[in-house]
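What follows is the residue order along each chain.
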Amino acid sequence: CGRILAFEPNPQTFRKLVRNVDPARVECILAACGAKDGSASQSGSGRGSRLELGEGEVAVRSLDSVCGYPYIQSAGLPVGSLKIDAEGEDLPVLQGAANLITACRPAMCVSAYHRAEDLVDLPLVMKRLDYKSKLYFRKKPYVPAWDTVFYLIP
């Protein structure tokens with residue numbers, strides 16, 4: 001595994017993240033991932049948290065922007081894998097990584113248990129961005145029982 005970028009929008013949780021990772025391997029970014037750069041308001045915490053785009057206290061960054069992919073042909077960071085668990089904002093994260101996914105074809109693990117419509121919307125977007133890869137749907141073998149994910153493997 002090479003360099004890791006870890007995003008966390010909650011300042012308290014961000015401080016815990018920074019204390020528990022190797023800074024030589026993991027770059028921690030105090031921001032949420034989304035469809036485009038901007039800001040949002042956060043309500044709730046953990047599984048019940050929600051981001052509302054607009055003026056707010058939480059920075060929002062697209063993966064295309066952070067990794068240098070304003071266009072598909074951009075020479076951005078090489079990305080080998082993505083793990084997305086954005087507490088129900090997984091679809092906007094994928095939308096904000098469209099150029100990166102098309103250019104790099106990373107292996108992906110995307111959470112599918114926050115919103116019912118994710119079971120349909122997420123695989124459609126994932127396959128549209130990388131139609132050559134194989135798509136799998138799996139349930140993690142532990143409690144909580146709802147942890148289900150999509151894997152896209154090049």
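A few points on the structure. None of the values given here were measured: they were computed from a predicted structure. (Residues numbered from 1 in each chain as written. Predicted model: local features only at pLDDT ≥ 70, side-chain atom pairs only at ≥ 80, totals over all residues. Heavy atoms only, no water.)

### Overview of the pairing of strand 8 (residues 107–111)
Item 1. Of all 5 residues in strand 8, 4 are buried; the element is thus mostly enclosed.
Item 2. Of the pairings in the sheet, the one linking strand 7 (residues 81–84) to strand 8 comprises 4 bridges and is parallel in character. Within strand 8, the position partnered with isoleucine 84 by the bridge is valine 110.
Item 3. As defined by bridge partners, strand 8 adjoins strand 10 (residues 148–153) across 4 bridges and the pair is classed as antiparallel. Counted as the bridge partner of valine 110 is phenylalanine 150 from strand 10. (Buried < 20%, exposed > 50% of the residue type's maximum accessible area, 1.4 Å probe, protein only. Helix = DSSP H or I, 4+ residues; strand = E, 2+ residues; numbered from the N terminus. Pairing = 2+ DSSP bridges.)

### Remarks on the sheet that holds strand 9 (residues 134–139)
Item 1. Reading across the sheet, the 4 strands line up as 7-8-10-9 and stay open at both edges, with mixed pairing between neighbours. Among the strands making up the open sheet, the edge pair consists of strand 7 and strand 9. If you compare each strand with its neighbour and ignore which way they point, the axes differ by 15° on average.
Item 2. Of the strand pairs in this sheet, strand 9 and strand 10 are connected by 6 bridges, and their pairing is antiparallel. Pairing of arginine 138 across the sheet is with valine 149, part of strand 10. (Axes fitted to C-alpha atoms, helices over the stretch in contact; angles between N-to-C directions.)

### What about the packing of aromatic side chains?
Item 1. Using the criterion set out here, one finds 1 aromatic pair in the structure.
Item 2. Measuring from ring centre to ring centre gives 4.8 Å for phenylalanine 137 and phenylalanine 150, while their planes differ by 40°; the resulting arrangement is tilted. Taken together, the positions of phenylalanine 137 in strand 9 and phenylalanine 150 in strand 10 put the pair 13 residues apart, joining distant regions of the chain.
Item 3. Residue phenylalanine 137 is classed as partly exposed on the basis of its relative accessible area of 40%. (Phe/Tyr/Trp six-rings, centres within 6.5 Å; stacked < 30°, edge-to-face > 60°.)

The analysis is restricted to geometry; functional conclusions fall outside its scope.
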